[in-house]
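Commentary on secondary and tertiary structure
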Amino acid sequence: FDTVVAGRYDCITLPTDPFRRCNMGFGFINFIDPKAIIPFYKEFQGRPWSLSEEHKDSNKVIELKYSRCQGTKKLLKSWGNTAQM
């Protein structure tokens, strides 16, 4: 994803379920450059979600949406234990 938007975001979070030890099926990216959303959307919207060999047969696809939670401070407050800066 850095090939598309490197340096144009400041926070990524992928919330995980501590009991199942897997992601909860959604994540957040805080773009510092709003213009980065367009190439990111074009590259990833509708793309198959197959990040590993283990999940290569998954029928899940990436669906991008705006979040009610906007800004790094709010993301960290809500999901701080899962954020990558």
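Remember, predicted model here, so these are calculated numbers, not experimental data.

1. Describing the overall build of the chain
Counting its regular elements, the chain contains three helices and five strands. The linear arrangement of helices and strands in the chain, starting from the amino end, is α-β-β-β-β-α-α-β. Sorting the 85 residues of the chain into buried and exposed places 21% on the buried side. Summarising the internal contacts of the chain: among those between residues at least 6 apart in sequence, 45% fall at separations of at least 24. Accessible area of the chain: about 6900 Å², with a carbon and sulfur share of 53%.

2. Topic: the packing of aromatic side chains
The final tally for this structure, using the stated rule, is two aromatic pairs. The interplanar angle of 65° and the centroid separation of 5.4 Å between the aromatic rings of Phe31 and Phe40 together place this pair among those described as edge-to-face. As far as burial versus exposure is concerned, Phe31 and Phe40 are alike and both buried. Both rings, one in Phe40 and one in Phe44, keep their centres 4.6 Å apart while their planes meet at 40°; by these two values the pair is tilted.

3. A word on the pattern of salt bridges
For the structure on display, the rule yields three salt bridges. The partner of Arg47 in a salt bridge is Glu43, and the shortest N-O contact between them spans 3.7 Å. Relative accessible area serves as the criterion here: at 38%, Arg47 is assigned to the partly exposed category.

4. As for the environment of Asn59
With respect to the secondary-structure elements, Asn59 resides in the loop between helix 2 (37-44) and helix 3 (72-79). Residue Asn59 is classed as exposed on the basis of its relative accessible area, which comes to 72%.

5. Describing the side chain of Asn30
The topology assignment puts Asn30 in strand 4 (residues 28-31). Here Asn30 falls in the buried class, since its relative accessible area comes to 12%.

6. Concerning the confidence of the model for the chain
In the predicted model, the chain carries a mean pLDDT of 78, and 80% of its residues have values of at least 70. Per-element confidence in the chain ranges from a low mean pLDDT of 48 for strand 5 (residues 83-84) to a high of 92 for helix 2.

Conventions adopted
- Counting restarts for each chain, with residues numbered from 1 along the sequence as it is written.
- Residues qualify for local features only when their pLDDT is at least 70, as the model is predicted, and side-chain atom pairs are given and counted only at 80 or more; totals for whole chains, interfaces and linings, by contrast, use all residues.
- For side-chain calculations, the full set of non-hydrogen atoms in the structure is used, while hydrogens and water are omitted.
- Strands here mean DSSP runs of E at least two residues long; helices mean DSSP runs of H or I at least four residues long; both are numbered from the N terminus.
- Relative accessible area decides the class of each residue, using a 1.4 Å probe on protein chains only: under 20% of the type maximum gives buried, over 50% gives exposed, and in between gives partly exposed.
- Note on contacts: a residue pair is in contact if any heavy atoms of the two residues lie within 4.5 Å.
- Computed by Shrake-Rupley with a 1.4 Å probe, the accessible areas treat only the displayed protein chains as cover when residues are assessed.
- Ring pairs are drawn from Phe, Tyr and Trp, using the six-membered ring of Trp, whenever the two centres fall within 6.5 Å, and their geometry is named by plane angle: stacked under 30 degrees, edge-to-face over 60, tilted for the rest.
- We define a salt bridge as a contact between a side-chain nitrogen of Lys or Arg and a carboxyl oxygen of Asp or Glu at a distance within 4 Å.
- Per-residue confidence from the predictor is given as pLDDT, running between 0 and 100.

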